[in-house]
There are 2 protein chains.
Amino acid sequence: MFKLIIHGGAGAIKSPDEYKPSLEKIVTEGQKLLQQGKSATEVVTHCVSLLEDDPLFNAGRGSVLTADERVECDASIMNGENLQAGAVAGVSGVKNPVKLALTVMEKSEFVFLIGKGAEEFAKLHNLEFMPDEYFITESRLKQLKEAREAGKVVLDHSDLKSQKNDEKKLGTVGAVVMDSQGNLASATSTGGIVNKRFGRVGDSSIIGAGTYANNSLAAVSCTGYGEQFIRATMARVAAEFTKELSAKEAAEKAIEFLQKSVNGLGGLIMIDRFGNIAHAYNTPGLLYAQADEKSVKIF
Amino acid sequence: MFKLIIHGGAGAIKSPDEYKPSLEKIVTEGQKLLQQGKSATEVVTHCVSLLEDDPLFNAGRGSVLTADERVECDASIMNGENLQAGAVAGVSGVKNPVKLALTVMEKSEFVFLIGKGAEEFAKLHNLEFMPDEYFITESRLKQLKEAREAGKVVLDHSDLKSQKNDEKKLGTVGAVVMDSQGNLASATSTGGIVNKRFGRVGDSSIIGAGTYANNSLAAVSCTGYGEQFIRATMARVAAEFTKELSAKEAAEKAIEFLQKSVNGLGGLIMIDRFGNIAHAYNTPGLLYAQADEKSVKIF
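Residues numbered from 1 in each chain as written. Chains lettered and ligands numbered in written order. Predicted model: local features only at pLDDT ≥ 70, side-chain atom pairs only at ≥ 80, totals over all residues. Heavy atoms only, no water.

Asks: Go over the overall build of chain A, please, and point to the residues and values.
Replies: Each helix and strand counted, chain A has nine helices and 13 strands in total. Its C-alpha atoms give chain A a radius of gyration of 17 Å, near enough to 19 Å, the size a compact globule of 299 residues would have. Counting only C-alpha atoms and orienting by the principal axes, one finds that chain A spans roughly 50 × 45 × 35 Å. Residues classed as buried in chain A amount to 66% of the 299 residues present. Residue pairs in contact within chain A that sit at least 24 positions apart in sequence constitute 70% of those at least 6 positions apart. (Helix = DSSP H or I, 4+ residues; strand = E, 2+ residues; numbered from the N terminus. Rg over C-alpha atoms; globule rule 2.2 N^0.38 Å. Buried < 20%, exposed > 50% of the residue type's maximum accessible area, 1.4 Å probe, protein only. Contact = heavy atoms within 4.5 Å.)

Structure below.
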């Protein structure tokens, strides 16, 4: 038995069908790896790296742009078997930030590396780098221009304050797996928010906020307003709720807590220690897909 | 009624008496501010900024040095009344990183800023900057030289793997307050670990790891091996335990969890929603001091 769920962000999604082929391809690849007996950490890394490679999603290639037209990525991974974790923030040029987070987890004595230092570590470990042109897409340049004209920081996934704005602005990506050994893992990756400044970091690189995995509780990956998810210690709270609730109830209670405690908006995917898959969100939509040994489902 | 507890790091402390005058002065200043009716967030900021100013402690002035002989600071603050939070990591030149964390919390739409971007934000808000000479002390240069000769990254507080090494190497600083309105707040600040590279960030800037405050649970500030505290989502876990345990039991259970789950070492200070002060640690020592409206105690 194994379980896999991936997400491509939450928000007001104009054309959800546009993302389905990508989600299906990626979740099917993850399913194959799990059938081959790959570990939870290997599969979350692979699925998130495919989401990063796909310019449709706000992570890796196709990330939203900072105020100075750069791509700055955040990512993290956690292994539920031993609570090992790796995270990076404010990283540019690294093709797959999630692979860098994995390398931090597996090859360093550290958990969290940021900025130029993290890039230096990536070079030392021969991670693949790509030029700016690879990361920056036409649609993200247009989105930044609009954000500048509106004089604001635009949220990563959609402009939730004005629901009139129905452009496709997707957020974070993530994956959560229980492998055939019963081990849990989760990974999350993002380009952050449009027009961001000041080295802003959201929840995607924060263990306990955007990402958490613990074989004795659950594995969780979040997407939404990063600031609110940090303040709510969201992924940890959702996992904690599985102590006494079903995965579905825990996911819903976590989103309820997010809304009540910090007026937060977003979604999460999770798999509990029994292998139950769940998701919850209070945004208009959440892009996700899931698989087990028998089936693949795209939503 | 009000309560205040501060810490100056955990580890193998050769001459604890050396730190007592500083701790006494700082906790007494905090007590005065609380008597004047200052808020919990004001008082934790003030106490931590005094600890940062004191070259004895590994935060602000007197921080440990990175591999390239620089000071890179991390700090965070959380307001238990509304779960607002501010955090900075990898910041150089800012005299009081905790004041920058407070400014992020109060004056920005963000929670977490890193590196050059955070420094730019600090300049924009007229925070005080100091030249390198201000931060770098002779004893930290000597410590770095020794670490280089030993070819290792030395822990911030003490070399816990070889207890023979009884040098004074203290870690993080922090403060936790319940003010006369019954509001909780906590703040944490650090220079990190000696000889650090790659933009390494520990738990001190991570909400839920090094710092957490929630009026309905507790306020917590941690000190120890940052990587282990991140993996254990330590501050959040300690606060969670106060749901069903006394502050003292919760603090001890949290350190027990740290040790069992990630083989972690360190300490924490906390005040629960009832105003009970507690601390716990599994290192040889913890430097702390506490006060209420009647008394000041130095340990």
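Asks: Outline the sheet that holds strand β12 (residues 285-292) of chain B, supporting the account with residue identities and numerical values.
Replies: Spatially, β7(A)-β4(B)-β3(B)-β2(B)-β6(B)-β5(B)-β1(B)-β12(B)-β13(B) is the arrangement adopted by the nine strands of the open sheet, whose pairing is mixed. Strands with a single pairing partner mark the edges of an open sheet, and in this sheet they are β7 (200-201) of chain A together with β13 (296-298) of chain B. Where strand β1 (residues 3-11) of chain B and β12 of chain B come together, seven bridges link them in antiparallel fashion. Residue A10 of chain B lies in a different strand from β12 of chain B, and its bridge partner there is L286 of chain B. Across the sheet, helix α2 (residues 40-53) of chain B lies against β1, β2 (73-79), β5 (173-178) and β6 (184-190) of chain B, angled at about 160° from β5 of chain B, the strand it touches most. Packing against the sheet, helix α4 (residues 115-124) of chain B makes contact with β3 (84-91) and β4 (112-114) of chain B, and its axis sits at approximately 115° to β3 of chain B. (Pairing = 2+ DSSP bridges. Axes fitted to C-alpha atoms, helices over the stretch in contact; angles between N-to-C directions.)

Asks: Residues and numbers for the interface of chain A and chain B, please.
Replies: If you look at the interface, chain A gives 39 residues, while chain B gives 39 residues. At the boundary of chain A with chain B, total buried surface from both sides reaches about 3400 Å², with 69% on carbon and sulfur atoms. There are two salt bridges connecting chain A and chain B. R197 of chain A is paired through a salt bridge with E120 of chain B; the nearest N and O atoms lie 3.5 Å apart. At the surface where chain A touches chain B, the tally comes to 13 residue pairs in polar contact (both at pLDDT 80 or more). Looking at the side of chain A that touches chain B, the elements that each hand over two or more residues are β3 (84-91), β4 (112-114), α4 (115-124), β7, α7 (226-231), α8 (234-241) and α9 (247-262) of chain A. (Buried area = accessible area lost by both parts, 1.4 Å probe. Salt bridge = Lys/Arg side-chain N within 4 Å of Asp/Glu carboxyl O. Polar contact = N/O pair within 3.5 Å; in protein donor to acceptor, adjacent residues only side chain to side chain.)

Asks: Go over the confidence of the model for chain A with me, naming the residues and quoting the values.
Replies: When pLDDT is averaged along chain A, the result is 93; 94% of the residues meet or exceed 70. This stretch, residues 156-168 of chain A, has a pLDDT under 50; its non-local contacts, to residues over four places away or in other chains, come to 42 contacts. (pLDDT = per-residue confidence, 0-100.)

Asks: Please set out the side chain of D292 of chain B residue by residue, giving values where relevant.
Replies: All names here are of chain B. Tracing the backbone through its elements, the reader meets D292 in strand β12. A polar contact is formed between the side chain of D292 and the backbone nitrogen of S295, at a distance of 2.8 Å. Dropping the residues within four chain positions of it, D292 is found in contact with F2, K3 and Q31.

Asks: Go over the sheet that holds strand β8 (residues 211-213) of chain A, please, and point to the residues and values.
Replies: All names here are of chain A. Taking strand neighbours across the sheet as the criterion, the four strands line up as β8-β9-β10-β11 in an open arrangement whose pairing is antiparallel. The strands lining the two open edges of the sheet, one partner per strand, are β8 and β11 (277-281). Sheet twist, expressed as the average angle between the axes of neighbouring strands with direction ignored, equals 10°. Examined bridge by bridge, strand β9 (residues 218-224) and strand β10 (residues 266-272) share seven bridges and lie antiparallel to one another. Bridging from a neighbouring strand, V220 pairs with M270 of β10.

Asks: Describe the packing of helix α3 (residues 97-107) of chain B against α4 of chain B, naming the residues involved and giving the relevant values.
Replies: All names here are of chain B. At a minimum axis separation of 10 Å, α3 and α4 run at an interaxial angle of 75°. In terms of axis orientation, α3 runs roughly perpendicular to α4. Taking contact as the criterion, the partners of L100, T103, V104 and K107 in α3 are, on α4, A118, F121 and A122. Split by residue class, the contact of α3 with α4 holds five nonpolar, one polar and one charged. (Parallel < 35°, antiparallel > 145°, perpendicular 65-115°, else oblique. Nonpolar A, V, L, I, M, F, W, Y, C, P; charged D, E, K, R; others polar.)

Asks: So what's going on with the packing of aromatic side chains? Which residues, and what values?
Replies: For any pair of aromatic rings, the description rests on two quantities: the centre-to-centre distance and the angle between the ring planes. Residue and element names in this part refer to chain A. Taken as a whole and judged by the stated rule, the model has nine aromatic pairs over all chains. Aromatic side chains Y19 and F57 sit 5.8 Å apart centroid to centroid with 50° between the ring planes, which places their arrangement in the tilted category. Note that Y19 is positioned in the loop between β1 (3-11) and α1 (20-35) and F57 in the loop between α2 (40-53) and β2 (73-79), a separation of 38 residues in sequence. The same class applies to Y19 as to F57, namely buried. Where Y288 meets F299, the ring centres are 4.4 Å apart and the plane angle is 10°; that geometry is what we call stacked. (Phe/Tyr/Trp six-rings, centres within 6.5 Å; stacked < 30°, edge-to-face > 60°.)

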